[in-house]
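Single-letter residue listing:
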Amino acid sequence: MNWRKFFLQLTIFSAGLLIFLGGGYYWLLSDLPSIRAVETRRLRPSTQILDRHGILLYEVVDPNAGKQVNLVLDQLPPTCVQAILATEDSRFYNHPGIDLVAILRALWQNARAGVLLGNPIVSGGSTLTQQLARNLLMEPEERYEQTVRRKIREAWLAWRLERRYTKNQILALYLDQAYYGNFAYGLEAASQVFFAKPAAHLSRGECSLLAGLIQYPSGYNPLIAPDVAKARQLTVLRLMEESSYIDAQERSQIAAEPLRYRSNLFEIEAPHFVMYVQELLAEALGAERLRDGGLRITTTLDLHLQHEAERSITNQLARLNCQAPSRCQDNIDPNRRVDNAAGVILDASTGEILTMVGSPDYFDERIQGNVNATLTLRQPGSAIKPFTYAAAVDPKWKSVTNLSPLTPASILADLPVSYPVKEDDGSIAPYTPVNYDRTYHGPVSVRTALGSSYNIPTVKVLNRIGVKTLQRIANLAGIDSFSGEHGLALTLGSGEVRLLDLAGAYGIFLNGYPLNPTAILAIESIDDPHWQIDLEHPNLSRPRKIDDGLTSGAAEAREVPQQNEVGSVISPQAAYLITDILSDNQARTPGFGVNSVLKLPFPAAVKTGTTTDWRDNWTMGYTTERIVGVWVGNADNTPMLDVSGVDGAGPIWRDLMKAAHNEPPPSFTQPPGVIERAICTPSGLLPTPVCPMVRRERFIEQSEPTRYDDQFVAIDVDLATGLRASRGTPKERMAQRVYWMLPAEYREWMLSNGIETPPAYPTQDEIVHSSPIPSSEPLVLSVPASYSVFRLANGIPAEHQRIELSGFANTDSPWQTLRLVKDGTIIGSTQNSDHLSSWWTLEAGTHRFWIEGEPEEGGEVVRSQESVVVVEG
């Protein structure tokens, strides 16, 4: 054996190994900071949040900059520590900084979730120590890298932290640095921000709620989504029970503890909006970058308009509760139990949030004022109805509904109706919608039904197009809270929606496109002019969740409507029709009166909403420049006393609309493809001379009516008997009357409303005993009666304005020839018959009509008495 060669090779291998290990160390670990860096917080410059004009809304200053860690575990309630451990790292005291059991469990869960196939990660294996190392010792750009190098560096730092500090010291460091949302870094700051108390005084319920925020601070924020935060707290309590920190009884007791959030601790403008902005920033930039400070955020808010909105809400609540001088009438209860309201104003072109008032007083604990009511889920009442009608009138949605679209002139039966509904126990119960005024209005047009907010016709429209269709169109418009099973009451507001989402969704009625509300115009670094953020980042506005599953199911497997324009939810023509109805004060008058608070001095579309139990009322509306949404109710969901959308939210909406427009906005523009036609009211068909009222209506081209009205019929009546005139009725006893001939389903409604029905036909006995026509009158012109007066209708083509003329021979046998004559000109004739009829197009002027003819071949010409007819131009 050549030992010299062997030692040479060993030396070369060892040197290579050292070089490899050294290079690997240099590549992996050499630039990592000192472990002791976790003990000192860096000095963080303030972050400024400004309105759109540069006015300061809030300045975020780190109160603990440069301070050493001072949180002592022994001073904290045990529940705070237990909740964190159960939620974030249940094996914290049993691993050296890296938990192989947790890593293997995470690998298994992610494999089952299809991560290797591209699905998102559902579970991580990071320990509490690894989180601390990543957040405090790694650079921001590296913290969220999904690389093996980052995981190795993170694990190395965690292992070194475990060697340097005790478990309790690491836990204290973690609790002092974790981000809880609302600019709160560390448990002490979070305790002050959310509950206005030191961490040492937190209750068990407060501890468990705060522990749940760390995983997703913006999503679980209790000031924005209290229900979601509560659900997260219950998850934390379940994990604590599974980790044996509490038993089932304690879990129930803690869950029942009330959570009362903080009152005023700092100066801030538009607090709900500022907190909303900081949550968007945390989502887009990451909590760590936001914590680093040094940012200048220019928002969309108009602070002057915000102050106007705040004043209006405060004043209206005072009026509703009779707290303003001379505001209460004798018949109004001074305690209407309403203490909360919210409002938003959006730019109708861009979706920029110009105002956001989440409550009348952010710092009023009594009304849970710090809960942002523009972002909480509430029932919208009738404010959701326009989406039902939009799908029903739009030909673009025909592929979904498989039905011919309705038009604003289409007639709906506002009559009693019930639908079978399957209850949770499997039984069938009737669902019987009722109108707000508890009356039935008979045949109503789509225009009137939507404008006056009638419930029964709306439910019938939804039953026609399908609940899934409403869910789909609302989802595409930006409302992501209508998923799941819903019944026909969804169109009356049985689902839940956020005020901000509903305001953005109303954007489809301007041009077909939804608006995604945005809050941020610019993000700049105060120290680094080259630093920038893409404002198109999806987390810088509320993302619209498109639930394609809404159209699934055997009976509902229909296509999404064809996209006439990229991204449009409804066609511009359908959007204009809905807008035209919502801005039509005449259509609104039957339900709200001619001079309601909804009538503005400039064109504006508006819809109110009131839940049946008086818990929520809304007014949503828009112009060509602004979208304004208002909610009135109580944060704890207690019902108000007889406060409707027009009474409660309406006055605030009116104030905000007027404040949002320095000058009257342009009128809504009628798009190509919308036409106007004259129709007979209320049938919605083409008018005839006997139609009682004619008006103009708008239609999407090719959907206009082509059939003439057949509901209003002129009938000759025998004045002596009250029956229809017969052939033997003398003309001096005859009168022509117009009757409304509705289908049989309307009979009871007609009788209850005193609407006269057509007279019956006389029996043969009544004809025999009626006065016979004198024998000197062998020919009779029965229609028109002498001295009848007709009027030409404006806007109706002349060829469609005509009447039927008729006459008969008062003999027992047919005549050889019968002729109908007008002003000496024959306009109709018949042979071997005892009667004749003909249509005559109305002509302005005075005209004379008669019948003439020969009873037998070669006989002498006989003529009837003349009828004089006047047609006014």
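Now for a quick tour of the structure. (Residues numbered from 1 in each chain as written. Predicted model: local features only at pLDDT ≥ 70, side-chain atom pairs only at ≥ 80, totals over all residues. Heavy atoms only, no water.)

Turning next to the pattern of salt bridges. Evaluation of the coordinates by the stated rule reveals 28 salt bridges. In this structure, Arg-204 engages Glu-257 in a salt bridge whose closest nitrogen and oxygen atoms are separated by 3.6 Å. Here the residue Arg-204 occupies a position in helix 9 (residues 204-213), and Glu-257 occupies one in the loop between helix 11 (248-256) and helix 12 (271-285), the gap between them amounting to 53 residues. Arg-238 serves as the salt-bridge partner of Glu-242, at 2.9 Å between the closest nitrogen and oxygen. Within this pair, Glu-242 and its partner Arg-238 are both found in helix 10 (residues 226-242), separated by 4 residues, close to a single helical turn. (Salt bridge = Lys/Arg side-chain N within 4 Å of Asp/Glu carboxyl O. Helix = DSSP H or I, 4+ residues; strand = E, 2+ residues; numbered from the N terminus.)

Moving on, we come to the packing of aromatic side chains. For the structure shown, the criterion picks out 13 aromatic pairs. Aromatic pair Trp-156 and Trp-159: ring centres 5.6 Å apart, planes at 25 degrees, arrangement stacked. One end of the pair is Trp-156 and the other is Trp-159, both in helix 6 (residues 148-164) and 3 residues apart, which spans about a single turn. Centroid distance Trp-740 to Trp-749: 6.2 Å. Interplanar angle 85 degrees. Geometry classified as edge-to-face. Of the two residues examined, Trp-740 and Trp-749, each falls in the buried class. By the ring-pair criterion, three or more aromatic residues cluster together here, those being Phe-387, Tyr-506, Phe-509, Tyr-622 and Phe-668. (Phe/Tyr/Trp six-rings, centres within 6.5 Å; stacked < 30°, edge-to-face > 60°. Buried < 20%, exposed > 50% of the residue type's maximum accessible area, 1.4 Å probe, protein only.)

Strand pairing in a sheet relies on backbone hydrogen bonds. The paired strands run either parallel or antiparallel. Overall, antiparallel pairing links the 3 strands, which are arranged 22-24-27 in an open sheet. Across the chains shown, the open sheet's two edge strands, defined by having one partner strand only, are strand 22 (779-783) and strand 27 (835-841). In this sheet, neighbouring strand axes are inclined to one another by 25 degrees on average, regardless of whether the strands run parallel or antiparallel. Two strands pair when backbone bridges link them, and strand 22 and strand 24 (residues 802-809) are joined in this way by 4 bridges, in the antiparallel orientation. Across the sheet, residue Val-783 finds its bridge partner in strand 24, namely Ser-806. (Pairing = 2+ DSSP bridges. Axes fitted to C-alpha atoms, helices over the stretch in contact; angles between N-to-C directions.)

With that settled, consider the state of the cysteines. Inspection of every chain in the model, using the stated rule, returns 2 disulfides. Sulfur-sulfur distance for the disulfide between Cys-80 and Cys-207 comes to 1.9 Å. The sign of the S-S torsion, about -65 degrees, decides the handedness of the disulfide formed by Cys-80 and Cys-207: left-handed. Here Cys-207 lies in helix 9 and Cys-80 lies in helix 2 (residues 78-88), a separation of 127 residues in the sequence. In terms of burial, Cys-80 and Cys-207 fall into one category: buried. (Disulfide = S-S within 2.5 Å.)

Residue Pro-682 follows Thr-681 across a cis peptide bond; omega there is 15 degrees. Inspection of the secondary structure puts Pro-682 in the loop between strand 18 (674-680) and strand 19 (694-700). Residue Ser-244 is not a glycine yet carries a positive backbone phi of 70 degrees.

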